[in-house]
Amino acid sequence: MQNVVWFKSIHKEDVPTVGGKGANLGEMANANFPIPPGFIATAQAYFSYVNRTGIQRQIIKMADSVDVDNTAELQATARKIQETIVGAPMLQDIAEDIKEAYAELCKQEGKQVYVAVRSSATAEDLPQASFAGQQATFLDIQGEMELIKAVRRCWASLYTPRAIFYRVKQGFPHEKVGIAVVVQKMVKSEVAGVMFTSEPTGQRPNDLIIEGAYGLGEAVVGGEVTPDTYVIDKKRDEIKSKKISTQKIMITRNERGLGVITVQVPPIRQSLQKLPDSKITELAAIGKKIEAHYGAPQDIEWGLEAGKLYILQSRAITTLKMKKKAEAEAIGEALTRGLGASPGVGSGIVKIVHSMGDLPKVQKGDILVTEMTNPDMVPAMQRAAAIVTDEGGITCHAAIVSRELGIPCVVGTGDITTRVRDGDKITVDASNGIVYKGIVGVEEEKAVTPEDLANAPKTKTHIYMNLGVPEMASKYKIYPVDGIGLMREEFIIATYVKEHPLKLIREGRQQVFIDKLCSGISEVAKAFYPRPVVLRTSDFKTNEYRDLEGGEEFEPEEDNPMIGWRGASRYHHPNYKPAFRLEIQAIKKAREQWKNIWVMIPFVRTVKEIQEVEKIMREEGLERGHDFKLWMMAEVPSNAFLAEEFAEYVDGFSIGSNDLTQLVLGVDRDSEILGKMGLFDERNAAVKKAIKMIIDGAHKKGKTVSLCGQAPSNYPDFAEFLVECGIDSMSLNPDAVLKTRKIVAEAEKKGGGQPAEGGSYAAGTLEKKPHISILGFKI
């Protein structure tokens, strides 16, 4: 067993000994790429340390017994394990081997060198495991004793809360996971950054992208500065474009001690090109060779010191999408086409739902086919492998719920219910909006993995999630979100209560409504605690209320329920006010245990309406205060015109971009005809002007603004627009969270407006909150 191995003795097959990072460095060093010299304290050294000191059993016992869904318990246990690892006596043979290797590295360089000490986790018999970004790195370490300390701190970082959480959720035994430690000569980079040998979204595979900034590359990787961006045509070896940023700070070596510091870039240099053209083309050539060596596009970290380029790390690009077979003829006969509302592929047996009585026939793995879904169909939708509708656009009920459930869905086909019969077998390619006859092969995009979640970029703009089905909370609570920005109460009523609240009141069964609604709300609040859960009170339209048991007796028939008796107008109306009071009582009961529940009022047409609603809530004992926030949806044009006036009675706004677009442009959001014509578009100048009016008006009154809708993920330029306007948060369907985090991070790098200096704010009021870390994200 070797405690230490040198880069030159390592190859890419040595992952069990040195981890993925170490194996890649050794592979590149042996291929004569410009890798700073170094060595690795092996995973075997770590296992020897924890076993021979007798702490392994303690560690595993603590890690196996922790409830990873209890944030406080997880953090406390992780801290105790790390203290155990660092506090055990260092083994002399391991320490001597590390010291000897460091002395040899210093001898090779002719001086006592500064080194970067990086973790490289590995797992025996678990090749599918990925530990990117979970363990520690220590920069600018000098001297034997400081190096030994850094190595032990890397070992301890194997048990960060994030790392423990990941292994438990993946079912990886803690005892099988080890850690190697890379010790590498520190490059005192004058310029550093990241290079993608293929444009990472997969849209322009012949473009090689280089990002560079002054100082160490950690500022680029961590999103602390906006780097220059250089685009190179790989075929012509030419620089296609350059975007030069203004860089005011950089990370550099602390000349007065160990570690690194952040310093100001001299004003005269801030707006200059960071990497000269000659070095751009030289670096691109190295990148192309590394890509050829591995046979796959690479994500490479690099640095420039004293005119020499160094490669610090390389790994395969994980964001590239798998290609789909492009032509329908290549994979099967296309039955019909519609709008791809929720991506993915599903195959199965058709079950057509004409009425609520047909729902029980939809079994697990069937394809639910219907004219249009409604909230009562959610339980059947959860069982379906895919959903196809005649009607609807990308913001209809079927689209929204399918995206939340992660079920492939095609809407607005116009004819699916007449083209298939019960028992037919079909394949739904919802990514491309095509329905095929029979069970055919369609390649899917790579599913979201835990490492995708762990590696999602941090943003100053809060990213929330939309949720309606409480059962999905346990699945999505591990997502890198700052809370729930839109929890749809009507879905809980449709699936938990199922009866019209006025029917229950007439029968003296009010408590049934309160208890069931409270149960559904609490399930989500518990899963996401202590992150805020913004509950939107019921926003059924009259036709949807009629579908509840007993609803026909209490609901009028409206020609256009989308702009009829809905939202706030119901709550203070004498006919529905008793039912709204039950909603508030259920919320109040849930808040007795879960103080992270806030309330949002939908479809508020007038200032008087929000005054009336707030008055009813106060009468029921639910009043705005320190730990309770009241938001309103901003989805009616009057909300934009009178934003400052509405702001007097709420703590925050959430822009409903779907309804706002519908009402500003006069476009029925559920019309498949208008949807296919492209008339429903949140990017329309009039809609954007209304959004900016809401944000500006709210901020004048010190209130925050969120937006719930798909536009930021569908259109990167729209996300940039929101960031530039200074929006405080965005709330998205689960399938859009990771994509939009990346888009927003890029928009923030470009210098758009964010919350005030210091980073995160609690949504609702411009009030600083303590940072709470969940899955590595601060909220």
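Read on for an overview of the structure. Worth saying up front: this structure is predicted, and the values here are computed from it rather than measured.

**Considerations on a nonpolar patch on the surface**
In step 1: Together, Ile673, Met677 and Leu679 line one region of the surface with nonpolar side chains, adding up to about 320 Å² of accessible area.
In step 2: In this structure, isoleucine 673 sits in helix α26 (residues 672-676).
In step 3: Take isoleucine 673: its relative accessible area is 58%, and that puts it in the exposed class.

**Things to note about the sheet that holds strand β15 (residues 339-342)**
In step 1: Taken together, eight strands build an open sheet; the order of strands is β14-β21-β20-β16-β17-β18-β19-β15 and the sheet is mixed. Looking at which strands have only one partner, the edges of the open sheet turn out to be β14 (334-337) and β15. Ignoring which end each strand starts from, the neighbouring axes of this sheet average 30° apart.

**Description of the pattern of salt bridges**
In step 1: Counted according to the given criterion, the structure contains 40 salt bridges.
In step 2: The closest approach of N and O atoms between glutamate 282 and lysine 279, which form a salt bridge, is 3.1 Å. Within this pair, glutamate 282 and its partner lysine 279 are both found in helix α9 (residues 277-294), separated by three residues, close to a single helical turn.
In step 3: When its relative accessible area of 34% is taken as the criterion, glutamate 282 is described as partly exposed.
In step 4: With its nearest N and O atoms 3.1 Å apart, the salt bridge here joins aspartate 681 to arginine 683.

**Concerning the packing of helix α15 (residues 489-497) against helix α17 (residues 510-528)**
In step 1: At their nearest, the axes of α15 and α17 sit 9 Å apart, and the two run at 120° to each other. Judged by the inter-axis angle, α15 sits oblique to α17. When you trace α15 past α17, the crossing you get is right-handed. The residues of α17 that touch α15, namely those facing Glu489, Ile492, Ile493, Tyr496 and Val497, are Phe513, Lys516, Leu517, Ser519, Gly520, Ile521 and Glu523.
In step 2: Each residue belonging to the contact of α15 with α17 can be placed in one class, and the counts come to seven nonpolar, two polar and three charged.

**Re the sheet that holds strand β6 (residues 191-196)**
In step 1: The sheet built from six strands is open, its strands ordered β9-β8-β7-β6-β12-β13 with antiparallel pairing. Where the open sheet ends on each side, the last strands, each with one partner, are β9 (238-243) and β13 (308-316). Here the strands of the sheet are splayed against their neighbours by 20° on average, with no regard to which way each runs.
In step 2: Two elements, strand β12 (residues 298-305) and β13, share eight bridges in a ladder whose sense is antiparallel. Across the sheet, the residue bridging to leucine 304 is leucine 309, located in β13.
In step 3: Along the sheet, α9 makes contact with β6, β7 (207-214), β8 (228-233), β9, β12 and β13, crossing β13 at roughly 35°.

What counts as what
Residues numbered from 1 in each chain as written. Predicted model: local features only at pLDDT ≥ 70, side-chain atom pairs only at ≥ 80, totals over all residues. Heavy atoms only, no water. Patch = residues over 30% accessible without salt bridge, like charges linked within 9 Å, V, L, I, M, F, W, Y side chains within 5 Å. Areas by Shrake-Rupley, 256 points an atom, 1.4 Å probe, with all protein chains shown as cover. Salt bridge = Lys/Arg side-chain N within 4 Å of Asp/Glu carboxyl O. Helix = DSSP H or I, 4+ residues; strand = E, 2+ residues; numbered from the N terminus. Buried < 20%, exposed > 50% of the residue type's maximum accessible area, 1.4 Å probe, protein only. Pairing = 2+ DSSP bridges. Axes fitted to C-alpha atoms, helices over the stretch in contact; angles between N-to-C directions. Parallel < 35°, antiparallel > 145°, perpendicular 65-115°, else oblique. Left-handed = near helix turned anticlockwise from the far one by under 90°. Contact = heavy atoms within 4.5 Å. Nonpolar A, V, L, I, M, F, W, Y, C, P; charged D, E, K, R; others polar.

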